[in-house]
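What follows is the residue order along each chain.
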Amino acid sequence: MLRTHNCGELRISDLGKQVQLSGWVQKTRELGGMTFVDLRDRFGTTQLVFNENSPQELKTAADDLGREFVVQIEGEVIERSSKNPGLPTGEVEIAVKALKVLNAAKTPPFTIEDDTDGGEDLRMKYRYLDLRRKPVRDKLLLRHRVGMAVRNYLDAQGFVDVETPYLIKSTPEGARDFVVPSRMNEGQFYALPQSPQTFKQLLMVSGIDRYYQIVKCFRDEDLRADRQPEFTQIDCEMSFVEQEDILQTFEGLTKHLLKEIVGVEAGDFPRMTYADAMRLYGSDKPDIRFGMQFVELNDVAQNKGFKVFD
């Protein structure tokens, strides 16, 4: 291993330890004959210090570091004189004794910071750099945690994760299919699934009475605010159940996710009939956070001599 700890791991309890770290150079600063380097990996950031007592070749190597250089260091964990309470590792720094540049880097086209100066087009062109930014990385890690929590919950409820084919024949659903030409069967095409529903009935009939997938769906349709050409859904099927069983199972899933991911204990969910949802909000997926219910004025406005209202 090229590291004994990651860059978000060390704390004040680790004082005096001899450690190896590897990561990307976030930034460097020269202050009063000392060079400070922020070293970053996906776990966090740790400050490195090269002081006036460091060998000259080590200080020269530190001064030559640029943003996004990939380096390996060896050193001792010491207490920071100027602590950073906003950083989990902000009470310590590493007095560097050895430095190895694993990969030099050109100056990136935008700053790898939470608030970057790169526009969307530039960040998409250099997506591998954009993925190093904490806000983007945190979204990937959140998605990972949600996926693991969903799998753990559904497994405990007796669901089986069944992977179904992507290359299928076209199904008569609402959206257009994406098609894939077959090289082996000239003039014929596969369709990409709009949803895994094609195989649900097959699995239920075969006796897999509870199944789920966290699965890609493909729809060649116009974009919407909540829909892309490919998207992911949690797809489930249950046999020998009633409506209440389904509501309890997936209300439980939502509560489990809230507790595991954000630490919120949710109570029982309020319920609303479809008729009330349409009457009060005009939608079958109403946003009830703000009130703002519709009010019918028929009794007030009808039969008052104004033909449009009548």
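Before going into details, it helps to say that this report is about the structure given with it. Owing to the predicted nature of the structure, the values given are computational and were not obtained by experimental measurement.

### Considering the overall build of the protein chain
Right, on to step 1. Counting its regular elements, the protein chain contains 8 helices and 10 strands.
Right, on to step 2. The principal-axis extents of the C-alpha atoms in the protein chain amount to approximately 90 × 65 × 40 Å.
Right, on to step 3. Taken across its 310 residues, the protein chain has 34% of its residues classed as buried.
Right, on to step 4. Of all intrachain contacts in the protein chain linking residues separated by at least 6 positions in sequence, the fraction that spans at least 24 positions is 51%.
Right, on to step 5. Distance between charge centroids for the protein chain: 2 Å, based on 42 positive and 50 negative side chains.

### Quick notes on the pairing of strand 3 (residues 44–50)
Where a strand is regular, its side chains alternate between the two sheet faces.
Right, on to step 1. Most of strand 3 sits out of view: 7 of its 7 residues are buried.
Right, on to step 2. Here strand 2 (residues 34–41) pairs with strand 3 via 7 bridges, running antiparallel. Each bridged residue has a counterpart across the sheet, and for aspartate 41 the counterpart in strand 3 is glycine 44.

### Considering the sheet that holds strand 4 (residues 70–79)
Right, on to step 1. With mixed pairing, the 5 strands of this closed barrel are ordered in space as 1-2-3-5-4. When strand polarity is set aside, the average angle formed by the axes of neighbouring strands in this sheet is 55 degrees.
Right, on to step 2. Packed on one face of the sheet, helix 1 (residues 56–63) meets strand 1 (18–31), strand 2, strand 3 and strand 5 (92–103) and runs near 75 degrees to strand 5.

### Topic: the pattern of salt bridges
Note that side chains of opposite charge can pair when their charged atoms are close.
Right, on to step 1. By the definition in use, this model includes 22 salt bridges.
Right, on to step 2. In this structure, the salt-bridge partner of aspartate 161 is arginine 151, at a minimum N-O distance of 2.8 Å. Of the two residues, aspartate 161 sits in strand 6 (residues 160–161) while arginine 151 sits in helix 4 (residues 134–156), which places them 10 residues apart along the sequence.
Right, on to step 3. Ionic pairing is found between glutamate 251 and lysine 255, a salt bridge with its closest N-O pair at 3.2 Å. On the criterion of helical spacing, the pair formed by glutamate 251 and lysine 255 is a turn pair, its members being 4 residues apart in helix 6 (residues 243–262).
Right, on to step 4. The partly exposed category is assigned to lysine 255, whose relative accessible area is 22%.
Right, on to step 5. Each member of the salt-bridge network shares a partner with another, and the members are Arg123, Arg127, Asp130 and Arg133.

About the criteria used
Residues numbered from 1 in each chain as written. Predicted model: local features only at pLDDT ≥ 70, side-chain atom pairs only at ≥ 80, totals over all residues. Heavy atoms only, no water. Helix = DSSP H or I, 4+ residues; strand = E, 2+ residues; numbered from the N terminus. Buried < 20%, exposed > 50% of the residue type's maximum accessible area, 1.4 Å probe, protein only. Contact = heavy atoms within 4.5 Å. Lys, Arg positive; Asp, Glu negative; His and termini not counted. Charge placed at Lys NZ, Arg CZ, Asp CG, Glu CD. Pairing = 2+ DSSP bridges. Axes fitted to C-alpha atoms, helices over the stretch in contact; angles between N-to-C directions. Salt bridge = Lys/Arg side-chain N within 4 Å of Asp/Glu carboxyl O.

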